[in-house]
Amino acid sequence: MSTTPTPFAANATDYKIPDKVMSKINEIASQYPEKNSAMLPALHLIQDEFGWIPPSAVRQLADALDTTPNKVYAVVSFYTMFNQAPVGKYHIQVCRNVSCSLLGSKHIVDHLTSKLGIQPGQTTENKKFTLSLVECLGACGTAPVMMINDTYYENLTSGKVDEILNTLA
Amino acid sequence: MIEEKKVLTRHVGVPGMEKVDAYMNDGGYKGLKNALDKKPQDIIEEVKKSFLRGRGGAGFPTGFKWSFIPKEKTKPHYIICNADEGEPGTFKDRVIMENDPLLLIEGMTIAGYALQCDMGFIYIRGEFRKIAEKLETAIENARNANLLGKNILGKGFNFDILVMRGAGAYICGEETALIESLEGKRGEPRMKPPFPAVEGLYKCPTIVNNVETLACIPIIMQSNGKSFKDMGTFQSAGTKLYGISGHVNNPGVYEYPMGTNLKDLIEQAAGGVKDGKKLKAVIPGGLSAPILKADEIDLDMDFDACIKAGTMLGSGGVIVMDETTSIPEVAKSTIDFFVHESCGQCTPCREGLHKIQETLTKMMAGEGDENSLKTIFKIAKTIKGTTLCPLGDAGAMALEAMVTKFRDEFEALNK
Amino acid sequence: MKMQIELNNRKLEAESGETILSVAKRAGINIPTLCYLEHLKPAGRCRICVVEVDGRKDLVPSCSFPVSDGMKIHTHSPRVLEARKNLIELMLANHPDDCLYCNRNSNCDLRQLADQLGVRERELVHVEPHFEIDNSSPSLVRDPNKCILCGKCVRVCEEIQGVAAIELLGRGFESFVGVENNKNLATSRCINCGQCILACPTGALTEKSQIQDVIDALNDPEKYVVVQHAPAISVTLAEEFGVEAGIDVDGAMVAALRRMGFDKVFDTSFTADLTIMEEGSELVSRIVNGGKLPMLTSCSPGWIKFVEQFYPDFTGNLSTCKSPQQMMGAIIKRIFAQREDIDPAKIFSVSIMPCTAKKFEAGRPEMGENGIQDVDVVLTTRELGRLLRMYGIDIRNIEPEQADSPFGERTTAGKIFGATGGVMEAALRTGYYLVTGELMEHLEITPVRGLDGIKESKIKVGDLELGVAVASSLSKARILLDEVKKGRSDLHFIEVMTCPGGCVAGGGQPIGTNVDKIKARSQALYKLDDSETMRMSHENPSVKKLYEDYLGKPLSEKSHHLLHTHYEKRPI
Ligand SMILES: Cc1cc2nc3c(=O)[nH]c(=O)nc-3n(C[C@H](O)[C@H](O)[C@H](O)COP(=O)(O)O)c2cc1C
Ligand code: SF4
Ligand code: SF4
Ligand code: SF4
Ligand code: SF4
Ligand code: FES
């Protein structure tokens, strides 16, 4: 059972890494003693750009870092934060680990599934929301916790979730 | 009454500590100034005298670890700060980085000097993007004040720090997996030997230390090793950040002398079990630490006492469970976590943990039988002592403890 | 530094830095391994090699763990045996129950270990196979369901072959060996060498079997079935019948092929001799006329695809000669057919090769004419072994026979093509003669023999000091090409064999190929060279006759049409 979006979508259209991003990648690569160290930072930048890691970007990155697309893909497929398929505008990631579930993260997930009409791992039809269950987010003291894109939302209740969703255009 | 001792957390809630002036006005960078007047070797000796033990989980004596770095420098040396903070139940390093980033940066700079490093890296979990940005701001501030960069404070020492975000892999908290990840690869742990101090990042001598460990270094260098040691309890040195979560009234991160009693921490620091319920169980040191029953919590929270009690201080992440908790449910979350986070390199962890997960899932669906528990024990036994890194072991031990100590709850699933 | 250790209560001496596995091996103790590869850094993935060391809580992996003075080791203690057995049980629980049907059922490391460790009942619930089989490649089949994730194939492909076509992808229980998104082996950078098959402990990687096509052809009365066998087959085939490595069964193999019903049995060593005539002349012509140098050999199809993909600027350096297999293929369908008055469409041309890449080569569109491929089916040594067993023929027990004339006649120069350095040695013997009109004083050119990855020599040929180099395996070829790219200019001729050790170590050779066997197989070839009298390709009477009757002279127009080819850049 997979609760995060998985494999690459087939035949995705070509995404070109913008020059600005590419030069940032090259700059980062030059800061490290070895170029390949720019792999994770570059993939984060690519994901910031497209919302996921498109195969065509994998090839471009491989060229930029003097490695093979297969090696980049091996990295992408290892780290759960890298989306191998497009996600919604808002990627909601709810912690399912122990501290959060002790304090009711299941209710939060149930609330989200009924409110958004999707199961974990799915994206709403209007491509606005993707719901994922993730492991510990390192905020157990303020459980239950979720992350939407880069922002943490802590001490969640159903009411609070409603409020948060209402603020998201 | 136990008394909180705010050393590493003294700036919690104080805004603006990423600015050099504010930090310096409160005694910041005194440690670095003292250190730069000493010989690198003397700093290592001072850290040894402090009896500081690594706060990342294993409790390895820091000064001793530092002394493995080659004295004769033939290659670049590196210091890495492990800010991966992935152990479930752990949320303490974040408190230091958010509230007192320069404390960590000062600690790394001192370590960098003592270990003759060319560069330092902070590897921070990918989800902590905002914290990473804060660290970068603080680093930039330090650079502008000549506290990083070339010829630091005119003492001829060159050192700088880069921040790298992980991308969702608990295993990258393991130091050799972290190194692989920093090299831009899959986070697959390396075999030891060779140890990173001999062959680490880019095959060069490397020391990996936890955020909290490195944050202790300026404290030691402000005065001396002995005064740091004396901050702890009789057996153990310094203070410890305990993160308490789960069914307690006041969850949060609390700094107490190392070795403070677990029961006291739960009852006094965290305000006791939530809603007046009875305590059922406690995981004392992050999810990898074997579970304790309610009657086992009269325990001094330091490395040795926890090992004696059959568990681990680990990261000091205390997860408290009240009487309503279903331990099989907790066990299920636990095994799900370890299966999800296994890197997949070695057979026992990859196949074994999955098999335990499969067995437990069946049991919870009412499809278990008398062999189910036998299978779990058998596999846990196989995993222990055969894995490449401690993750597989940790998962097996955590599960085994839950099933052993709360066996009746698991047996009830088969009825 | 020497140190004292105790292994299973026996006192032994060991070198510092030595692994437990290597000490045990010397002491005659067999510790099983599944992820360990000779000569490469241990990976420590499978954990089957764990042993107990006194004073340590955890078991340690013997493949990588260094001994230390006074260490007391137990390689087969009850705890160790139990751990190994349980590990195998775990692997089997996530493995298809396919032994009855599996390509590797007679030589699978996993199955054998299960047997040795006494796994006799299924205690763990079985996970059903859930991966798709990758059948796309003309050379290999990958069944990820049978993969135990030892990682050997990945490492061989990258560290020995410098190709990196396959990687470990995904994470944890869901990890698998595969090719990047939307690709399969056929569309990957795989050069079809099959070295990963030799490394694989299970049936997860196998050759694409074409046995049935051959059987069908043999049973088809309309078909005229011709077979050729490569130089390296006769010294390895016997291993398929349990014979030790290094025994030549050339005649028996010819007889066996006839028993099966092949209409003609030709020897690819004949076209190896022909290759030398063409390639030697090509080299001389390039040197004299200022052609592209260094010239690179072109008989190893994995290497050809490698150059086309990774070093397209060097395609002009490749000799335009087809490989011996394809020369023979062209001769059979275009000269032999005409001479015997057989419709080429009715000829079914089979070749027995040590190599999986030959399957790919035979399918290259330029390797045929009028829609007819010159070689129809390529069988590996392993497949031939299987076919013979199916036909009830035991190679150990059959009267030797001669190959058919005229394309069965060979010199030993053609024969040593099977070992790394062999093409170079054969070419030098004949090249020397072509240039100087004299014979070399010593025909044995030892600097190009042996298993070193790169061998170099300077050979005086007339006034010219010829710079030659031999690379065995593609990671080694990369080193040479990169040097040339950087401006190295003292080399005229480079031989490259895709597989480390040459064709005797090809990806189609018997499972269990290791350094000792490779040495024995090469020895067998050089022994033939020592014992026979026709040792230079230009002495081959049938080759001479072919030029007289049909081709004219080397590099003639006819030769070009029939025996030469061209290369193209391939996108990766
Ligand atoms: C699976 C696993 C996860 C780990 N995660 C972390 C982590 O998130 N943070 C950390 O500091 N150490 C972590 N560690 C411990 C590190 O390997 C290493 O021991 C530590 O960073 C050393 O620092 P210290 O000596 O300062 O404790 C982990 C270890 C394992 C086996
Ligand atoms: S124990 Fe688990 S996490 Fe560690 S190397 Fe083995 S598979 Fe990877
Ligand atoms: S790979 Fe081995 S164990 Fe698996 S089915 Fe084939 S013979 Fe059996
Ligand atoms: S056949 Fe050769 S190139 Fe292809 S995957 Fe196997 S080792 Fe790599
Ligand atoms: S395919 Fe074979 S060699 Fe490759 S990892 Fe799987 S079992 Fe090992
Ligand atoms: S052979 Fe040692 S771990 Fe696989």
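Rules behind the numbers
- Residues numbered from 1 in each chain as written.
- Chains lettered and ligands numbered in written order.
- Predicted model: local features only at pLDDT ≥ 70, side-chain atom pairs only at ≥ 80, totals over all residues.
- Heavy atoms only, no water.
- Buried < 20%, exposed > 50% of the residue type's maximum accessible area, 1.4 Å probe, protein only.
- Helix = DSSP H or I, 4+ residues; strand = E, 2+ residues; numbered from the N terminus.
- Contact = heavy atoms within 4.5 Å.
- Salt bridge = Lys/Arg side-chain N within 4 Å of Asp/Glu carboxyl O.
- pLDDT = per-residue confidence, 0-100.
- Near = heavy atom within 4 Å.
- Polar contact = N/O pair within 3.5 Å; in protein donor to acceptor, adjacent residues only side chain to side chain.
- Areas by Shrake-Rupley, 256 points an atom, 1.4 Å probe, with all protein chains shown as cover.
- Nonpolar A, V, L, I, M, F, W, Y, C, P; charged D, E, K, R; others polar.
- Pairing = 2+ DSSP bridges.
- Axes fitted to C-alpha atoms, helices over the stretch in contact; angles between N-to-C directions.
- Buried area = accessible area lost by both parts, 1.4 Å probe.
- Domains from an automatic or database assignment.
- Bend = angle between axes of the 7 residues up to and from the residue.

**Student:** Let's hear about helix α3 (residues 55-64) of chain A: which residues, and what values?
**Tutor:** Residues and elements named next belong to chain A. The element α3 is largely enclosed, with a buried count of seven among its ten residues. Residues of α3 that are buried: Pro-55, Ser-56, Ala-57, Val-58, Leu-61, Ala-62 and Ala-64. Contacts from the buried residues of α3 go to α1 (19-31), α2 (39-50) and α4 (69-76). The first or second residue beyond α3 is Asp-66, which carries a positive phi of 55°.

**Student:** Please provide a residue-by-residue account of the pattern of salt bridges, values included.
**Tutor:** Per the counting criterion, the structure on display carries 85 salt bridges over all chains. Of the charged contacts, one joins Lys-65 of chain B and Glu-175 of chain B as a salt bridge, the two residues approaching to 3.8 Å between their closest N and O atoms. Here Lys-65 of chain B, found in helix α4 (residues 62-66), pairs with Glu-175 of chain B, found in helix α8 (residues 175-182); they are 110 residues apart in sequence, far enough to count as distant. Residue Lys-65 of chain B shares its accessibility class with Glu-175 of chain B, and that shared class is buried. For Asp-267 of chain C, the salt bridge goes to Arg-410 of chain C, with nearest N and O atoms at 3.8 Å. Residue Asp-267 of chain C is found in strand β11 (residues 264-267), and its partner Arg-410 of chain C is found in the loop between α12 (381-390) and α13 (412-415); the two are separated by 143 residues along the sequence. Classification of Arg-410 of chain C by relative accessible area gives buried; the value is 13%.

**Student:** Lay out the confidence of the model for chain C with the relevant residues and their values.
**Tutor:** This prediction gives chain C a mean pLDDT of 96; 100% of its residues lie at or above 70. For this predicted complex, the interface confidence score (ipTM) comes to 0.95, while the overall pTM stands at 0.95.

**Student:** Tell me what's going on with the site of ligand 1, and back it up with residues and numbers.
**Tutor:** All names here are of chain B. What surrounds ligand 1 is a group of 19 residues, the closest being Gly-56, Lys-65, Asn-82, Asn-210 and Thr-213. Within the backbone of Glu-175, one N or O atom sits 3.0 Å away from an oxygen atom of ligand 1. Asn-209 places a side-chain nitrogen or oxygen 2.9 Å from an oxygen atom of ligand 1. When the free accessible area of ligand 1 is taken as 610 Å², the share hidden by the protein chains comes to 90%. With three residues, strand β5 (residues 206-210) is the largest single contributor of residues to the shell around ligand 1. Grouping the amino acids of the shell around ligand 1 by side-chain chemistry returns five nonpolar, eight polar and six charged.

**Student:** Can you lay out the sheet that holds strand β9 (residues 292-293) of chain B for me, pointing to particular residues and giving the numbers?
**Tutor:** Sheets are built from strands that pair by backbone hydrogen bonding, the pairs being arranged parallel or antiparallel. Residue and element names in this part refer to chain B. One open sheet accounts for five strands, arranged β7-β6-β10-β8-β9; its pairing is mixed. A single partner strand is all that each edge strand has here, and the edge strands are β7 (252-257) and β9. When strand β6 (residues 239-246) meets β7, the two strands line up antiparallel, connected through six bridges. Its bridge partner lying in β7, Lys-240 is registered against Tyr-256.

**Student:** Got a sec to walk through the sheet that holds strand β12 (residues 295-296) of chain C? Specific residues and values, please.
**Tutor:** Residues and elements named next belong to chain C. Taken in spatial order, the four strands make up an open sheet running β12-β19-β18-β17, and their pairing is mixed. Each of the sheet's edge strands pairs with one partner strand only, and the pair in question is β12 and β17 (454-461). In the sheet, β17 pairs with strand β18 (residues 464-472) via eight bridges, with the strands oriented antiparallel. Looking at the pairing, Ile-454 lines up with Ala-471 of β18. Sitting on the sheet, helix α15 (residues 474-485) touches β12, β17, β18 and β19 (493-497), and the angle it makes with β18 is about 145°.

**Student:** Explain the site of ligand 3 to me, using residue names and the numbers behind them.
**Tutor:** The immediate surroundings of ligand 3 are formed by His-95, Asp-98, Cys-99, Cys-102, Asn-105, Cys-108, Arg-111, Lys-146, Thr-202 and Gly-203 of chain C. Its residues placed into classes, the shell around ligand 3 shows three nonpolar, four polar and three charged.

**Student:** Requested: an account of the interface of chain C and chain A, with residues and values cited.
**Tutor:** By a widely used convention, the size of an interface equals the accessible area lost when the partners come together. Taken residue by residue, the interface counts 17 residues in chain C and 16 residues in chain A. Carbon and sulfur atoms supply 43% of the area buried between chain C and chain A, which totals about 1300 Å² over both sides. A per-residue breakdown of the area chain C buries against chain A is headed by Arg-171, Glu-180 and Asn-181 of chain C, which together make up 43% of the total. A salt bridge links Lys-71 of chain A to Glu-167 of chain C, with the shortest nitrogen-to-oxygen separation between them at 2.6 Å. Linking chain C with chain A are eight residue pairs in polar contact (both at pLDDT 80 or more).

**Student:** Quick one: what's the story with the domain arrangement of chain C, residue by residue and with numbers?
**Tutor:** All names here are of chain C. Per the domain assignment, the segments making up chain C are domain 1 (2-76), domain 2 (89-207) and domain 3 (212-563). In this structure, domain 2 and domain 3 have C-alpha centres spaced 30 Å apart. Every contact between the two is made by 21 residues of domain 2 and, on the other side, 27 residues of domain 3. Contact between domain 2 and domain 3 buries roughly 1900 Å² in total, counting both sides, with carbon and sulfur atoms accounting for 54%. Three residues, Ile-191, Leu-198 and Glu-207, lead the burial of domain 2 against domain 3; their summed loss comes to 31% of the area buried on that side. The tally of links between domain 2 and domain 3 comes to two salt bridges.

**Student:** Now, about the side chain of His-126 of chain C: what can you tell me, with residues and values included?
**Tutor:** Among the secondary structure elements, His-126 of chain C is positioned in the loop between α3 (109-116) and β6 (140-142). Judged by its relative accessible area of 17%, His-126 of chain C is buried. At 2.3 Å, the side chain of His-126 of chain C forms a polar contact with the backbone oxygen of His-95 of chain C. With sequence-adjacent residues up to four places away left out, His-126 of chain C is seen in contact with Lys-355 of chain B together with Leu-92, Ala-93, His-95, Pro-96 and Asp-97 of chain C.

**Student:** Provide a residue-level description of the interface of chain A and chain B, including the pertinent values.
**Tutor:** Listed as interface residues are 39 residues of chain A and, on the opposing side, 58 residues of chain B. Between chain A and chain B lies a buried interface of about 3700 Å² when both sides are counted; carbon and sulfur atoms form 57% of it. Our count for the chain A to chain B interface comes out at four salt bridges. A salt bridge links Lys-106 of chain A to Glu-329 of chain B, with the shortest nitrogen-to-oxygen separation between them at 3.5 Å. There are 20 residue pairs in polar contact (both at pLDDT 80 or more) connecting chain A and chain B. Going through the elements one at a time, α2, α4, α5 (98-102) and β4 (151-153) of chain A are the ones with two or more residues in the side of chain A that touches chain B. When residues in the side of chain A that touches chain B are grouped by element, the largest group, five residues, is from α2 of chain A. Of the residues assigned to the side of chain A that touches chain B, the class counts are 20 nonpolar, twelve polar and seven charged.

**Student:** Tell me what's going on with helix α10 (residues 324-340) of chain C, and back it up with residues and numbers.
**Tutor:** All names here are of chain C. Residue Ile-332 marks the point of greatest curvature in α10, where the axis turns by about 35°. In terms of burial, α10 is largely enclosed, as 14 of its 17 residues are buried. Positioned one or two residues after α10, Asp-341 has a phi angle of 60°, which is positive.

**Student:** Could you give me a rundown of the environment of Gly-552 of chain C, with the residues and numbers involved?
**Tutor:** Relative to the elements of secondary structure, Gly-552 of chain C occurs in the loop between α17 (541-551) and α18 (557-563). Taking the C-alpha atoms as reference, Gly-552 of chain C lies 41 Å from Ala-245 of chain C; in sequence the two are 307 residues apart.

**Student:** Requested: an account of the environment of Ser-99 of chain A, with residues and values cited.
**Tutor:** Mapped onto the elements, Ser-99 of chain A comes out in helix α5. The class of Ser-99 of chain A is buried, set by a relative accessible area of 3%. Along the primary structure Ser-99 of chain A and Ala-143 of chain A are separated by 44 residues, whereas in three dimensions their C-alpha atoms are 6.6 Å apart. Among the polar contacts made by the side chain of Ser-99 of chain A, one reaches the side chain of Ser-245 of chain B at a distance of 2.8 Å.

**Student:** For the domain arrangement of chain A, give the residues involved together with the corresponding values.
**Tutor:** When its domains are assigned, chain A resolves into domain 1 (2-78) and domain 2 (90-167). If you average the C-alpha positions of domain 1 of chain A and of domain 2 of chain A, the two centres end up 27 Å apart.

**Student:** Explain unusual backbone geometry to me, and be specific about the residues and the numbers.
**Tutor:** For the bond from Lys-192 of chain B to Pro-193 of chain B, the omega torsion is -10°, close enough to zero to count as cis. Mapped onto the secondary structure, Pro-193 of chain B falls in the loop between α8 and β5. Cis geometry is adopted by the peptide bond preceding Pro-294 of chain C, which originates at Leu-293 of chain C and carries an omega value of -5°. Within the secondary structure layout, Pro-294 of chain C lies in the loop between α8 (268-289) and β12. The phi dihedral of Lys-127 of chain A falls on the positive side, at around 60°, and the residue is not glycine. Secondary-structure assignment places Lys-127 of chain A in the loop between α6 (105-116) and β2 (129-134). One non-glycine residue with positive phi stands out, namely Asn-8 of chain C, at about 50°. The class for Asn-8 of chain C is partly exposed, based on a relative accessible area of 29%.

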